[in-house]
Amino acid sequence: MMKKSQEAIGTATGQDPAVDGFDGSEVGIKKRSRVPGVMITQYVETIPEGQNHPDFTRKPIALTIQEGKFAFFKAIVNGEPKPTVTWSRNNGDVSDPARYQTKYDPVTDEHTFEMVNVSPDQADTYKCFAVNEHGRAVVTVVLNIIEVGFNKNKAKPAGAAPVENFSTVLKRKSKVRPKKEAVERKEGEIDPKFWELLLSADKKDYEGICTEFGITDFRWMLKKLNEMKKERKEEQAEFVKSISNLKPIEVAGDGTASLEIDLDLIEPSSRIFLYKDGQMVPYTKELGDKMKHTLNLTGKKYIFSIKDLMPDDAGLYQIDVEGVNVFSTEFKIPPIEFLVKIQEVTATERQDAVFEAVLSNPFSKILWFGKNQPLEMGDKYDIEVSEDKLIHRLVVKDCMVVDKGIYSAWAGIKSCNAWLLVEPDKDAKKGKPAERKTTRAGGSGANLAQIAQQQQEKLVKVREEITEIKAAKVKEAVEAAVTAAAEPPPVEAVPGFTDGRAGGEMLEQGITHSVTVETGIKSGLGDIYALRDKQTEFIVNTLTVCDGTWFKDGEQLTAKSRGYRISQDGLCHKLTVLKCGDDDTAMYSFVAGEHSTKGKLTVGDVPVFDPDDLHKFSRPVIIRVGQNAAFKMPYPPQDGLVVRWFKDGVELKDGAGSKIMKESNHSRLLLRDCLRSDTSGITIQLQNPFGAVEAKSNLIVLDRPGPPDGPVELVETTSSLIEIAWKPPTDDGGSAVTNYIIERQQAGQGPWAVQGDVSADKTAYRDRNVAHGKRYNYRIFAQNPQGQSDALETTDSIMAGVLILSGPPGAPTVVSASKTCITLTWTPPENDRGVPIIGYQLEKRKKDTHSWVVLNPLNEPIEALSYAVKDVTEGAEYEFRVAAINESGAGDPSPPSAMVCAKNPNMRPRFKDPEDFIVVRAGNSVRVKVNYEGEPPPEITWLRDNEKISPWVNVVNTEGTSTLVIPSSKRSDSAIYTIIAKNSVGDAMFDVEVRVTDQPKSPGPVAIEQTVQGRVLLSWSPSPDEELDDRLYYVVAEHESGTRVWKNIADRLFSHAYTAVNIQPGREYHFRVFAKNDMGLSDPSDSPTWGVNGDRVPLAPNGCGSMEVNFERPPSILVPLKVHCPPKGYQLYMTCAVRGRPTPSVAWFLNDVCINSDDHYYITNAFGVCSLYILRVGSQDGGEYKIVAENPLGHAQCTTKLVVKE
């Protein structure tokens, strides 16, 4: 066994030994707790069984809270005996009950340490002690207080311990401080925020960060950054094992922003702090959901979230572990609004859906979310951004029903959302998937390009106004400087200042100027890219009128220099290169007194294509829908060459179905899974500093044509001809239409049939196979080499010839009426106008209403001259009319019938198929159900033996049914129950015999007496139930020593004696007597054994000698089958006795069908006693049963009937 190390335990800072009950001189054994951060000291080496030292089940959690709030710590401890829990702090005491309160909740077993209205002087490290006689457990927890208002600077009371601020408590090493603590930086000093961002950024982001902070010396920056990273890692190594998966702050689809980091801490209890712009952000793990800033911990992943985003949430966020920074990220919120928000889109399956939005300011990339999940460009989604970065689109490709949901767009903290609804494709053929659509659904419905252009003009105007203001300030500064001294001081450059050509890049006649502002010179020289054999010029504007000198690569240029022209116009100095050549590429400078400026001239050419390659590229690329399109364009290798691809003027980016490959001497474009809508012009552009050149080609995507242009026009209709016409399809699918296919459907009938086709130059069709008066629907398909288009269908059916309707039939006559049905009849019309009648249409009108309701549609005519109307309401009055239907439709209606009321005719009550006998086992409920009918509804009365029924007998009456219920029956409930139904027409009554019985008791002892040779008399005492049940009878069974099988020798005996015959000497006989009633057999009463030596009667000799006896005989039925009428669901036992020698074979038949092999029946044959058993009788078991016995000497049969009661 390993021994624990032993050491003397001293008193910790702020710990009172008297409180702990431990004087510091005893020996303690250090133990490890399962809860990190808990220190356990065991006082004794051996702890008695069933007891243990204290430990923490739940330790207090560090808290950062605002001054004046309610602060508390909670802890749960265990140990036996129950430990005493106390609290203390390192700097100060906790004995003041007005400031500190200790509570214990016996229900939750929680110890709580509360501080009401906390103040900054309570910020400290607190300890919780759990002590019993076997040891002590200690845990520490930190309370941080955020000061607010004037309390930050108020004077501390005399004698009070100095309150530590966060920079002291945390010893934070980051140089990023809150604005109130920030030290004014000297000129040229770099913002500490720059280094904090670089320490946590990826290398690909270095350039952007340096540009933002104006850092241009990258070599120095990288050297300095490597030194700082080394120092930062040494600081982090004290608290952190590893840092990984740094995820900058991002906005999520639910309107929150979060930053993530994986931290493997050396000590899990290490304190973690969140800062924004150097100011600590309050949060706790317990109250995180109620605060703006929350912390979620999953394993080693720490996720800090910000809810309810506002513009002032932008800033630098940092995560510190015990004062050492481990992660910094900047949250930028651009000032952007949605000028046009995305709109709800309803798309059909396999169609593309488009969401569009317009922003108020350019934004390179907005975030798209679908059903709260971020969306990225790929095979399913296309994300498009216009060139001015104001119009943003999301394309959901190949929509399916699962794509239905809410989609949202986020730009900074602004968002908008809309539904995508996906409807099934009604044109899809059953059993086959819908085809991919070439059309797009959705869009904003507004002119986005016009809105974006107007917004761009507003932005340009604002920038020009800002530029004018800055230029005016510079001009004022220059004029003030000139006035103040004869020699003007240098003028500081104003960031972003331009005067039309200085301070930026400008494209003019293929020449690019990059101009910078030099000290003492208003606008200086910049680098120029000039086209070969073209003229260009350098321009310098000075602050005062002075002479200047021009130099080329250090050599002075004069007015006589060949190829150059030097001129001056006041403050403007010009050097013109008349015809640029390779020799003119040089560094040019201008010197005016002590001031100078310089710029480089580079001469070159615009990129060119090889004519053969250009001709080859100009040929269109023709593909089919779903195929890939590839373009390749060679070009001469050049430095600084920018290659861009365009599709109908919109630049293509790598991804979203397009793949762009750029090599030094050629470029390739691959468009995947092209649709018909991808048919467009393809342009490749080569650009260098001297200009740009373009090559154009075309992409043609072949597809089946669009549907013919409608609507379908009716040219002519007669009794034998229908002529229709249409227009060619708007989109021929890239291939010429070859022909049109026409299909026809008779109105109201299902199948479509091909009627014919016509060539592409004809857009009309004559259908001569029509029947007069019938209506037809047509649909037309266009066809090209790629396939068949969708159909153009007639909006309404077209009738052949003129409409001829039949005359009115005779007025309907009421045959019968009830509350559920009214039967009508009528006569055919006298004049059918020469068109055969195919049926009739019936209408009804309710009394006091004006609308006629059609009872059968035209496509379901009533063929007979009568009809039973079942759609009626009891008690309502109706009148009816009928119209004859022919091929042209329904003719004139008949005169209305007389008003008829939907009610039953008066009828004397009568009962429908009632049962007159019911047997129930005692204790079960009795349910006598009788169906009846009568109009008006009769009054029901029940009698028992012609007397009123008892109160405990329930009667349940519903429409047409009356049920008598005895909940728990007794034998005394057996009686004749009479139901009486009486109404105004008459009455009726019916008797039902109810017999309540039970399993009978056994008969009394059985006695045997021999009367004559071969016969014995059996007698027994009656069963006790005989007096209670007049249907009880007795059954006698025997078995003799030769067979050992019991067989019934007597049945349905109502006496108490029976004479058994054929008693053979020398054999033993046993007899049993059963009592039997409607419930079945009782237990048997056994007789004494007959045939032992004392009971044998010797046979008298008859003087005859022995002779040979022949026992063979044909089959015969000794006991026939009986008629059975069991209730449905009861068991059935059917028997008979058969004799014959040799032993006959026995077969059972139901309705002349052999059932010997049917598992539904259990059939036995025990020495001639043939039995058939049915476990539960069903309606299918009813019928005629027959048993056939057969041997070589003959056959015998017996039949019976089985009636199953429902």
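So, here is what we can say about the structure in this document.

The rules behind each value
- Residues numbered from 1 in each chain as written.
- Predicted model: local features only at pLDDT ≥ 70, side-chain atom pairs only at ≥ 80, totals over all residues.
- Heavy atoms only, no water.
- Helix = DSSP H or I, 4+ residues; strand = E, 2+ residues; numbered from the N terminus.
- Buried < 20%, exposed > 50% of the residue type's maximum accessible area, 1.4 Å probe, protein only.
- Contact = heavy atoms within 4.5 Å.
- Areas by Shrake-Rupley, 256 points an atom, 1.4 Å probe, with all protein chains shown as cover.
- Polar contact = N/O pair within 3.5 Å; in protein donor to acceptor, adjacent residues only side chain to side chain.
- Core = buried A, V, L, I, M, F, W, Y, C linked by side-chain atoms within 4.5 Å.
- Salt bridge = Lys/Arg side-chain N within 4 Å of Asp/Glu carboxyl O.
- Axes fitted to C-alpha atoms, helices over the stretch in contact; angles between N-to-C directions.
- Parallel < 35°, antiparallel > 145°, perpendicular 65-115°, else oblique.
- Nonpolar A, V, L, I, M, F, W, Y, C, P; charged D, E, K, R; others polar.
- Pairing = 2+ DSSP bridges.
- Phe/Tyr/Trp six-rings, centres within 6.5 Å; stacked < 30°, edge-to-face > 60°.
- Lys NZ or Arg CZ within 6 Å of the ring centre and 35° of its normal.
- Arc of directions from axis to C-beta.
- Patch = residues over 30% accessible without salt bridge, like charges linked within 9 Å, V, L, I, M, F, W, Y side chains within 5 Å.
- Lys, Arg positive; Asp, Glu negative; His and termini not counted.
- Charge placed at Lys NZ, Arg CZ, Asp CG, Glu CD.

### Notes on the overall build of the chain
Phase 1: When you go through the chain residue by residue, the secondary structure sums to seven helices and 90 strands.
Phase 2: Out of the 1206 residues belonging to the chain, those deemed buried represent 41%.
Phase 3: Pairs at least 24 apart in sequence give 62% of the contacts found in the chain among residues at least 6 apart.
Phase 4: Accessible surface for the chain amounts to roughly 67300 Å². Of this, 50% is attributable to carbon and sulfur atoms.

### Examining the side chain of Asp382
Phase 1: Mapped onto the secondary structure, Asp382 falls in strand β25 (residues 381-385).
Phase 2: Look at Asp382 and you get buried, because its relative accessible area is 11%.
Phase 3: Within the local environment of Asp382, its side chain forms a polar contact with the side chain of Lys397, the two groups lying 3.5 Å apart.

### Some points on the nonpolar core
Soluble globular proteins tend to pack their nonpolar side chains together in the buried interior.
Phase 1: By size, the foremost hydrophobic cluster in this structure holds 28 residues, and its most contacted members are Leu263, Tyr302, Phe304, Ile319, Val321, Val326 and Phe331.
Phase 2: Breaking this core down by element, the ones donating at least two residues are β12 (240-251), β13 (257-265), β14 (272-276), β17 (301-306), β18 (315-321) and β19 (324-331).
Phase 3: The element contributing the most residues to this core is β13, with five residues.

### As for the pattern of salt bridges
Phase 1: The full count for this structure, using the stated rule, is 53 salt bridges.
Phase 2: In this structure, the salt-bridge partner of Lys653 is Glu651, at a minimum N-O distance of 3.4 Å.
Phase 3: A salt bridge links Glu723 to Arg766; its shortest N-O distance comes to 3.0 Å. Here Glu723 is found in strand β50 (residues 722-727), whereas its partner Arg766 is found in strand β53 (residues 764-767), with 43 residues between them in sequence.
Phase 4: Classification of Glu723 as buried rests on a relative accessible area of 14%.
Phase 5: Its relative accessible area of 40% is what places Arg766 among the partly exposed residues.

### Details of the packing of helix α3 (residues 192-200) against helix α4 (residues 206-213)
Phase 1: Where α3 contacts α4, the axes come no closer than 10 Å and their chain directions differ by 175 degrees. As far as their axial angle goes, α4 and α3 are roughly antiparallel. Residue-level inspection shows Lys193, Phe194, Leu197 and Leu198 of α3 in contact with α4, the latter providing Tyr206, Ile209, Cys210 and Phe213.
Phase 2: Of the residues in the contact of α3 with α4, the class split is seven nonpolar, no polar and one charged.

### What to know about the pairing of strand β38 (residues 572-577)
Phase 1: Counting buried positions along β38 yields five of six residues, so the element is predominantly enclosed.
Phase 2: As judged from the six bridges shared by strand β34 (residues 536-542) and β38, these two strands associate in the antiparallel manner. The partner of Asn541 across the bridge, within β38, is Cys572.
Phase 3: Summarising the sheet, strand β37 (residues 564-569) and β38 pair through six bridges and their orientation is antiparallel. Pairing of Ser567 across the sheet is with Lys574, part of β38.
Phase 4: Remark: two residues form the turn of the hairpin made by β37 and β38, two consecutive strands paired antiparallel; Gly570 in that turn has positive phi of roughly 70 degrees.

### Structural notes on the sheet that holds strand β42 (residues 629-634)
Phase 1: Spatially, the three strands line up as an open sheet ordered β42-β46-β45, and their pairing is antiparallel. For this open sheet the edge positions go to β42 and β45 (658-662), each flanked by a neighbour on one side alone. Across the sheet, the mean angle from the axis of one strand to that of its neighbour is 10 degrees, orientation sign disregarded.
Phase 2: As defined by bridge partners, β42 adjoins strand β46 (residues 666-671) across six bridges and the pair is classed as antiparallel. The residue of β46 that forms the bridge with Ala629 is Leu671.

### Describing α3
Phase 1: Summarising burial for α3: eight of the nine residues are buried, a large majority.
Phase 2: For α3, every residue scored as buried is listed here: Lys193, Phe194, Trp195, Glu196, Leu197, Leu198, Leu199 and Ser200.
Phase 3: Packing partners of the buried residues in α3 comprise α4, α5 (218-236), β12, β18 and β19.

### Topic: the packing of aromatic side chains
Phase 1: The tally for this structure, following the rule as stated, stands at 22 aromatic pairs.
Phase 2: Judged by centre distance (6.0 Å) and plane angle (55 degrees), the rings of Phe617 and Trp645 are tilted. Within this pair, whereas Phe617 is found in helix α7 (residues 611-618), its partner Trp645 is found in strand β43 (residues 642-647), the two being separated by 28 residues in sequence.
Phase 3: When its relative accessible area of 5% is taken as the criterion, Phe617 is described as buried.
Phase 4: Judged by its relative accessible area of 1%, Trp645 is buried.
Phase 5: On the numbers, 5.8 Å between centres and 70 degrees between planes, the contact of Trp826 with Tyr840 is edge-to-face. A residue pair is termed long-range when its members are at least 10 positions apart, and Trp826 in the loop between β59 (822-825) and β60 (839-846) and Tyr840 in strand β60 qualify at 14 residues. Each member of the pair, Trp826 together with Tyr840, is buried.
Phase 6: Taken together, the aromatic side chains of Phe73, Trp87, Tyr100, Phe113 and Tyr126 make up a single cluster linked through ring pairs.
Phase 7: Between the NZ or CZ atom of Arg779 and the centre of the ring of Trp752, over which it lies, the distance is 4.2 Å.

### A look at the environment of Ile918
Phase 1: Turning to its location among the elements, Ile918 is positioned in strand β67 (residues 917-921).
Phase 2: Sequence separation between Ile918 and Val996 is 78 residues; the distance between their C-alpha atoms is 8.5 Å.
Phase 3: For Ile918, the contacting residues outside a window of four places in its chain are Arg927, Val928, Val992, Glu993, Val994 and Arg995.

### Remarks on the side chain of Thr963
Phase 1: Structurally, the position occupied by Thr963 is in strand β72 (residues 961-966).
Phase 2: For Thr963, a relative accessible area of 10% gives the class buried.
Phase 3: The contact partners of Thr963, leaving out residues within four places of it in the chain, are Arg927, Val928, Lys929, Asn954, Val955 and Val956.

### Observations concerning the sheet that holds strand β89 (residues 1183-1191)
Strand pairing in a sheet relies on backbone hydrogen bonds, with the paired strands running either antiparallel or parallel.
Phase 1: Taken together, the four strands give an open sheet; going across it, the order is β86-β85-β89-β90, and neighbouring strands pair in antiparallel fashion. With one partner strand each, in any of the chains shown, β86 (1153-1154) and β90 (1194-1202) form the two edges of the open sheet.

### Concerning the environment of Ala586
Phase 1: With respect to the helices, strands and loops of the structure, Ala586 is situated in strand β39 (residues 586-592).
Phase 2: For the pair Ala586 and Phe551, spaced 35 residues apart in sequence, the C-alpha to C-alpha distance is 9.9 Å.

### A closer look at the packing of α4 against α5
Phase 1: Where α4 meets α5, the closest approach of the two axes is 12 Å, and the angle between their N-to-C directions is 110 degrees. Between α4 and α5, the crossing angle belongs to the class labelled roughly perpendicular. Contact with α4, carried on its side by Tyr206, Glu207 and Cys210, involves Phe218, Met221, Leu222, Leu225 and Lys229 of α5 and no other residues of that element.
Phase 2: Residues belonging to the contact of α4 with α5 are distributed by class as follows: six nonpolar, no polar and two charged.

### Things to note about α4
Phase 1: Along α4, the residues that are buried comprise Tyr206, Ile209 and Cys210. Take α4 and look down its axis: the buried residues cluster within an arc of 100 degrees, on one side only. Exposed side chains of α4 directed beyond 90 degrees from the buried face belong to Glu207 and Thr211.
Phase 2: Here the buried face of α4 lies against α3 and α5.

### Some remarks on a positive patch on the surface
Phase 1: Side chains of Lys616, Arg619, Lys632 and Arg668 sit close together on the surface and give a patch of like positive charge.
Phase 2: Topologically, Arg668 is positioned in strand β46.

### Here's the deal with the environment of Thr549
Phase 1: Considering the arrangement of structural elements, one finds Thr549 in strand β35 (residues 549-552).
Phase 2: A relative accessible area of 25% places Thr549 in the partly exposed class.
Phase 3: Along the backbone, Thr549 and Gly593 are 44 residues apart, and their C-alpha atoms lie at a distance of 9.1 Å.
Phase 4: Look past the residues within four positions of Thr549 in its chain and what remains in contact with it is Gln556, Ser589, Phe590 and Val591.

### With respect to unusual backbone geometry
Glycine aside, the phi torsion of most residues is negative, and most peptide linkages are trans.
Phase 1: Cis geometry marks the peptide bond from Glu935 to Pro936, where omega comes out at -5 degrees.
Phase 2: Mapped onto the elements of the fold, Pro936 is located in the loop between β68 (926-935) and β69 (939-944).
Phase 3: In this structure, Asp848 is a non-glycine residue whose phi angle is positive, near 70 degrees.
Phase 4: Take Asp848: it is sitting in the loop between β60 and β61 (853-854).

Function cannot be inferred from these measures alone, as they are strictly geometric.
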